[in-house]
Protein chains: 2
Amino acid sequence: MPKATIDDVAGLAGVSIKTVSRVVNAEPNVRQATRERVLNAVRALNYRPNASARSLAGDRSYLIGLLYDNPSANYVTDLQYGVLAACREQHYDLLIHPCNYKHSGICEEVVGLVAQSKMDGVLLTPPLSDTETVVAALQQARIPFVSIAPRQSDEGAVCVATDDHQAAFAMTEHLIALGHREIGFISGHPDHRAMARRLEGYREALRAFDVQPQQHLVVQGYNSFESGEACARQLLLRKEPPSAIFASNDDMAAGVMMVAHQMGIAIPAGLSVAGFDDTPIARQIWPPLTTVQQPIKAMAETAAQILIGRLRGQTEIDTAPVIPSQLVIRQSTAVLP
Amino acid sequence: MPKATIDDVAGLAGVSIKTVSRVVNAEPNVRQATRERVLNAVRALNYRPNASARSLAGDRSYLIGLLYDNPSANYVTDLQYGVLAACREQHYDLLIHPCNYKHSGICEEVVGLVAQSKMDGVLLTPPLSDTETVVAALQQARIPFVSIAPRQSDEGAVCVATDDHQAAFAMTEHLIALGHREIGFISGHPDHRAMARRLEGYREALRAFDVQPQQHLVVQGYNSFESGEACARQLLLRKEPPSAIFASNDDMAAGVMMVAHQMGIAIPAGLSVAGFDDTPIARQIWPPLTTVQQPIKAMAETAAQILIGRLRGQTEIDTAPVIPSQLVIRQSTAVLP
DNA sequence: AGCGCTGAAGACAGCGCTGTCATTCTAACC
DNA sequence: GGTTAGAATGACAGCGCTGTCTTCAGCGCT
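The shown structure was predicted, so the numbers you read here are calculated from the model rather than taken from an experiment. Every chain begins its residue count from 1, and numbering advances along the sequence as written. Numbering of ligands from 1 and lettering of chains from A proceed in the order in which they are written. The predicted nature of this model means local features are confined to residues of pLDDT at least 70 and side-chain atom pairs, given and counted, to a pLDDT of 80 or more, with totals for whole chains, interfaces and linings taken over all residues. By convention in this description, side-chain values take in all heavy atoms of the structure and omit both hydrogens and water.

Here the focus is the overall build of chain A. The helix and strand inventory of chain A stands at 13 helices and 11 strands. If one aligns the C-alpha atoms of chain A with their principal axes, the spans along those axes are about 85 × 35 × 35 Å. Sorting the 337 residues of chain A into buried and exposed places 55% on the buried side. Accessibility throughout is a Shrake-Rupley quantity obtained with a 1.4 Å probe, and a residue counts as covered only by protein chains that appear here. Per element, the accessible surface of chain A, about 14,800 Å² overall, is 52% carbon and sulfur. Counted as positive: Lys and Arg. Counted as negative: Asp and Glu. His and the chain ends are not counted at all. Throughout, a charge is located at the NZ atom of Lys, the CZ atom of Arg, the CG atom of Asp or the CD atom of Glu. The positive charge centre, built from 29 side chains, and the negative charge centre, built from 34, are 7 Å apart in chain A. The numbering of helices and of strands both runs from the N terminus, where a helix is a DSSP run of H or I of at least 4 residues and a strand a run of E of at least 2. Exposed residues in this analysis have more than 50% of their type's maximum accessible area, buried residues have under 20%, and partly exposed residues fall in between, with area computed by a 1.4 Å probe over protein chains only.

Here you go:
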């Protein structure tokens, strides 16, 4: 079957191509009977509008871009699945673009890419959404975008916000409730604003429950399993090691558990360990890891819906929804003996 | 800066738009001096050809699709990075399309998708590349495609082949060399041809080294961590448990190790465990897992290069390169005491 | 000098759609 | 019944490029 064009459909339905166009694009002002006649013709010919022609004429590509720079495969695929769900629903296609947020030419790269590939808009994810130069470049180039980012009062940018602060507070509260007072904290990569929020949440919980914060119990990690190992050694080799360690992500928490195993420390009997993100690894280590589950997929889907809505001209939508995360208590945390 | 069109460039360079088109598309028959004049104008105006116009006129979209149905985030992102590397080099864009290979309408879905999004060609990955109906539908619709798939003599389809058989043979040989004779094998999902090849490799190695194959030492897994656990219980609760277990993938091997830990079996002292794939988890469990590393990224990149080459009209390329995988010996396998 | 020939460049017609504006129809009102 | 606002439809010009065909200059040959 040769691919049908809009003319074929118009001919079969006995209307002008413009009317077919109206029906296909769900525009108003078409009589119900006409609409059905056209739809039948579309089905009969298995007509698919030509995306290129449509883009060229309409100056819209029905393509959105997903920009990311994140080494976690799970995070990336969760993002993609969420965005794809929204795209499919709205008949948009997705272009993915991993990039290096530290690259000096990142702004030109991003703007150039959007121009080149004719994206209608882009989705920005951490740490790109935390990189102010990129955000500014996008704004300046008037490229529609929506960020996924920690909650933030400043900036007018549209974003789907995470509640890292609150979740870290809740996790710390959980540890305190178990009787822990010496709670080590492994902070995350300094370029990720979400990581800073997690540290704040931890600190605020200590304050809220009158636990004496100790500077040396907070060590700087860099999100990787290996950095988790290094930080764990630093914390556990002290003369007075903490009774619990809260790592800013699961990979580092897994690193902590690896080191604990090697040092012969039982978990959770001798050490409670908590992570953040609820990646698959949380359930694949022993004991299963207490962590925080952030609905990445839902956030990505929401962000994509908002972006596409804006591209369609909507503006009255909620400009910064916060998607709540959830504590997942497993077996790596226990009451202080 | 308003976006420049080909007319602007032609005007500035003092040539016709067709000549600009020739230069931009690296076509022959343009004098060197003219070419340079045009290129200067392109740079001066920061000209980017309009992808939609180009597609419409040239009946090419410079878009390729990556089809997959795989729950492993690492696998998927490796694929993507490989394909993207080739795309970037060749100025193609990538559309990703996760799908459900068991869905009954999968063939129509795939063909429809390609038509809809105007993809020039697609990349097929396991288990889609193992699904004959999909392959047939693509061939019938005359959609150019390249598969990533286990080596296979039949079919004329262009593919980048894996050497699962050989790698599994090598791993089994490694275990035999360590003195193991009772080697349990956890096979993978039956719909993945690669998994069948791994089982064959195991069997052939037993035969080659005169180890008595035992039917009950081969149990059926389904690629997941949980199925690895179940299979491990089945193998380890026998009165004469194997001294080594070779799982068809790392997740299942991790499941085996989890069960062994729970049963108080030391690894590798009491049990050698081997996996396949070299996913990050292999290094994040204790002890680090002996496994097989298959260069997914390189395979994907090669496949994309071949596909793009074909789209460009090349045909004399190697039609079925085999990318060799590599044994990674870590600490989960040891000499039989 | 006249011939054909090749390489370099341009003219021109669309690709299949959408935006704009003109036109026709419908129905509700006086 | 005549008007008229508004809904429904159509005519038409291009969006920015590429494919095809044409033109023309320059060259070697007889």
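Here the narrative resumes, following the displayed structure.
It suffices for a single heavy atom of a residue to lie within 4 Å of a molecule or strand for the residue to be listed as near it. Every one of the 26 residues lining DNA strand D counts as a neighbour, but T19 and T34 of chain A together with I6, S21 and Y47 of chain B are closest to it. Near the protein, within 4 Å, the atoms of DNA strand D are sugar or phosphate in 65% of cases. Two N or O atoms count as a polar contact when they lie within 3.5 Å, although within protein this holds only if one can serve as hydrogen donor and the other as acceptor, and sequence-adjacent residues are included solely when both atoms are side-chain atoms. In this structure, S21 of chain B approaches DNA strand D through a side-chain N or O atom, which is 2.5 Å from a phosphate oxygen. Within the side chain of N25 of chain B, one N or O atom sits 2.8 Å away from a phosphate oxygen of DNA strand D.

With that settled, consider the sheet that holds strand β8 (residues 244–247) of chain B. Residues and elements named next belong to chain B. Strand order in the open sheet made by the four strands is β7-β6-β8-β9, with parallel pairing throughout. With partners counted over all chains shown, the strands left at the sheet margins are β7 (218–220) and β9 (272–274), one partner each. Ignoring strand direction, the axes of neighbouring strands in this sheet form an average angle of 15°. The pairing of strand β6 (residues 183–187) with β8 spans four bridges and is parallel. Bridging from a neighbouring strand, I186 pairs with A247 of β8. Where helix α10 (residues 225–236) meets the sheet, its contacts fall on β6, β7 and β8, and the angle it forms with β6 comes to roughly 150°. Strand contacts of helix α11 (residues 250–263): β6, β8 and β9, with the helix running at about 160° to β9, the strand carrying the most contacts. By the convention used here, strands pair only if DSSP detects at least 2 bridges between them. Angles run from 0 to 180 degrees between N-to-C directions of axes, and those axes are lines fitted to C-alpha atoms, restricted for helices to the stretch in contact. Note on definitions: a residue-residue contact is assigned when non-hydrogen atoms from the two residues lie within 4.5 Å.

On to the protein's contact with DNA strand C. Every one of the 27 residues lining DNA strand C counts as a neighbour, but I6, S21 and Y47 of chain A together with T19 and T34 of chain B are closest to it. Among atoms of DNA strand C positioned within 4 Å of the protein, sugar and phosphate together represent 70%. Here a phosphate oxygen of DNA strand C and a side-chain polar atom of N29 of chain B are 3.1 Å apart. At the level of secondary structure, the elements contributing two or more residues to the surface near DNA strand C comprise α2 (17–24) and α4 (51–58) of chain A together with α2 (17–24) and α4 (51–58) of chain B. A per-element tally of the surface near DNA strand C places α4 of chain A first, with four residues.

With that settled, the discussion passes to the side chain of D278 of chain B. On the secondary structure map, D278 of chain B appears in the loop between β9 and α12 (281–284). Assessed through its relative accessible area of 15%, D278 of chain B is described here as buried.

The subject of this paragraph is the packing of aromatic side chains. Residues and elements named next belong to chain A. Between the rings of Phe, Tyr and Trp (Trp by its six-membered ring), a pair exists once the centres lie within 6.5 Å; its type follows the angle of the planes, with under 30 degrees stacked, over 60 edge-to-face, and the other angles tilted. Evaluation of the coordinates by the stated rule reveals eight aromatic pairs over all chains. With 5.3 Å between their ring centres and 85° between their planes, F185 and F246 make a pair best called edge-to-face. With F185 in strand β6 (residues 183–187) and F246 in strand β8 (residues 244–247), the pair connects residues that are 61 residues apart, well separated along the chain. With a relative accessible area of 0%, F185 lands in the buried category. Taken together, the ring pairs connect F185, Y202 and F246 into an aromatic cluster. Over the aromatic face of F276 sits the side chain of R198, whose NZ or CZ is 3.7 Å from the ring centroid. Ring-over charges, as used throughout, are those where CZ of Arg or NZ of Lys falls within 6 Å of the ring centre and within 35 degrees of the ring normal.

The next point concerns the interface of chain A and chain B. Between chain A and chain B, the contact holds 37 residues from the first and 36 residues from the second. Summed over both partners, the accessible area (1.4 Å probe) lost when two parts come together is defined as the buried area. Note on chain A versus chain B: buried area summed over both sides is about 3,500 Å², and carbon and sulfur give 60% of it. Here, a salt bridge means any side-chain nitrogen of Lys or Arg that lies within 4 Å of a carboxyl oxygen of Asp or Glu. For the pair chain A and chain B, the number of links is zero salt bridges. Where chain A touches chain B, the interface holds five residue pairs in polar contact (both at pLDDT 80 or more). Listing elements by their share of the side of chain A that touches chain B, those giving two or more residues are α4, α5 (73–90), β2 (93–98), α6 (106–117), α11 (250–263) and α12 (281–284) of chain A. Top contributing element to the side of chain A that touches chain B by residue count: α5 of chain A, with eight residues. When the residues that make up the side of chain A that touches chain B are grouped by side-chain class, the tally is 18 nonpolar, 13 polar and six charged. Put simply, Ala, Val, Leu, Ile, Met, Phe, Trp, Tyr, Cys and Pro go in the nonpolar bin, Asp, Glu, Lys and Arg in the charged bin, and everything else, Gly too, in the polar bin.

Under the UniProt annotation, "domain: HTH lacI-type" (unreviewed entry) lies at residues 4–58 of chain A. Secondary structure content for residues 4–58 of chain A is 69% helix and 0% strand, and the end C-alpha separation is 20 Å. UniProt positions are given in the numbering used here, feature names are shortened, and annotations may be inferred rather than shown by experiment.

Here the focus is the packing of helix α5 (residues 73–90) of chain B against helix α13 (residues 296–311) of chain B. Residue and element names in this part refer to chain B. Relative to each other, α5 and α13 sit at 40°, their axes nearing to 7 Å. With respect to their mutual orientation, α5 and α13 come out oblique. Considering how the two elements wind past one another, α5 and α13 form a crossing that is right-handed. Residues Y75, D78, L79, Y81, G82, V83, A85, A86, C87, E89 and Q90 of α5 touch α13, and the partners they reach there are I296, K297, A300, E301, A304, Q305 and I308. When its residues are assigned to classes, the contact of α5 with α13 shows 11 nonpolar, three polar and four charged. Angles are sorted into four bins: roughly parallel if under 35 degrees, roughly antiparallel if over 145, roughly perpendicular if 65 to 115, and oblique for all others. Handedness of a crossing is defined here by the sense of rotation of the near helix relative to the far one, left-handed for an anticlockwise turn of less than a right angle and right-handed for a clockwise turn.

This part is about the relation of the copies chain A and chain B. For this overlay, a least-squares fit was computed on C-alpha atoms, restricted to residues scoring pLDDT of at least 70 in both copies. Once chain A is rotated about the relating axis by 180° and shifted along it by 0.1 Å, it coincides with chain B to within an RMSD of 0.1 Å. This pairing of chains is accounted for by a two-fold axis. Taking the C-alpha atom as reference, chain A places S52 of chain A closest to the rotation axis, 2.3 Å from it. By residue overlap, the copies meet face to face through one surface: 97% of the interface positions of chain A are interface positions in chain B.

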